[in-house]
Amino acid sequence: MIFSIVVQAAPYSCQSAETALRFARSLLEKGHSLHRVFFYGDGIHTGSALASPPQDEINIPSDWNTLAAEHQLDLVVCIAAAVRRGVLDANEARRYGKSGSNLEEGFELSGLGQLADAIAQSDRVITFGA
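Residues numbered from 1 in each chain as written. Predicted model: local features only at pLDDT ≥ 70, side-chain atom pairs only at ≥ 80, totals over all residues. Heavy atoms only, no water.

A. A look at the sheet that holds strand 3 (residues 75-78). On the basis of which strands lie adjacent, the open sheet formed by five strands has the order 4-3-2-1-5 and parallel pairing. The sheet terminates laterally at strand 4 (107-110) and strand 5 (124-128), the two strands that pair on one side only. Each strand of the sheet is rotated relative to its neighbour by a mean of 25 degrees, with strand direction disregarded. Against the sheet, helix 2 (residues 60-71) makes contact with strand 1 (2-7), strand 2 (33-39), strand 3 and strand 4, and its axis sits at roughly 135 degrees relative to strand 3, the strand it touches most. In the packing of helix 5 (residues 112-121) onto the sheet, the strands contacted are strand 1, strand 2, strand 3, strand 4 and strand 5, and the crossing angle to strand 2 comes to about 150 degrees. (Pairing = 2+ DSSP bridges. Helix = DSSP H or I, 4+ residues; strand = E, 2+ residues; numbered from the N terminus. Axes fitted to C-alpha atoms, helices over the stretch in contact; angles between N-to-C directions. Contact = heavy atoms within 4.5 Å.)

B. Structural detail: the pairing of strand 1. The element strand 1 is extensively covered by neighbouring structure, given that five of its six residues are classed as buried. Pairing analysis gives six bridges linking strand 1 to strand 2, with the strands arranged parallel. In the strand pairing of strand 2, Phe3 is matched with Leu34. Crossover connection from strand 1 via helix 1 (residues 16-29) to parallel strand 2: handedness right-handed. One ladder, built from five bridges, connects strand 1 with strand 5; its direction is parallel. Looking at the pairing, Val6 lines up with Thr127 of strand 5. (Buried < 20%, exposed > 50% of the residue type's maximum accessible area, 1.4 Å probe, protein only. Right-handed = clockwise from strand over helix to strand, strands pointing away.)

C. Here's a closer look at the side chain of Ser4. Looking at the element boundaries, Ser4 is found in strand 1. According to the relative accessible area criterion, Ser4 is buried, its value standing at 2%. At a separation of 3.5 Å, a polar atom in the side chain of Ser4 contacts the main-chain amide nitrogen of Arg36. Within polar-contact distance, the side chain of Ser4 engages the side chain of Ser122 at 2.7 Å. Aside from chain neighbours lying at most four places away, what touches Ser4 is Leu34, His35, Arg36, Ala118, Ser122, Arg124, Val125 and Ile126. (Polar contact = N/O pair within 3.5 Å; in protein donor to acceptor, adjacent residues only side chain to side chain.)

As structure tokens, then:
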């Protein structure tokens, strides 16, 4: 079965972001396919390279990146939500005249068309957070 996941919760504001990560790991272990992970709303903070959780806590952004590298996952951060909240890649930082970018390596900024594509390509789309 082909899944896509939408994460709408910030990585450390509630359990939803960590649950999404655990769900992704589980479905991949069971042999399912994960077409895309789309971070939307406050979920875009998962793609921030500036997150620095304490060493004894799970590093959700880093763990998504590791999972993506292991399974060639597509981690997409909604560009409109990200720019509004100050998560920028190098291109958007230049576009808006900002001094630097902070999008974590392994994540990409893109529009809602990527979410529409994920819905069309997947058997199931699971949303975490609201």
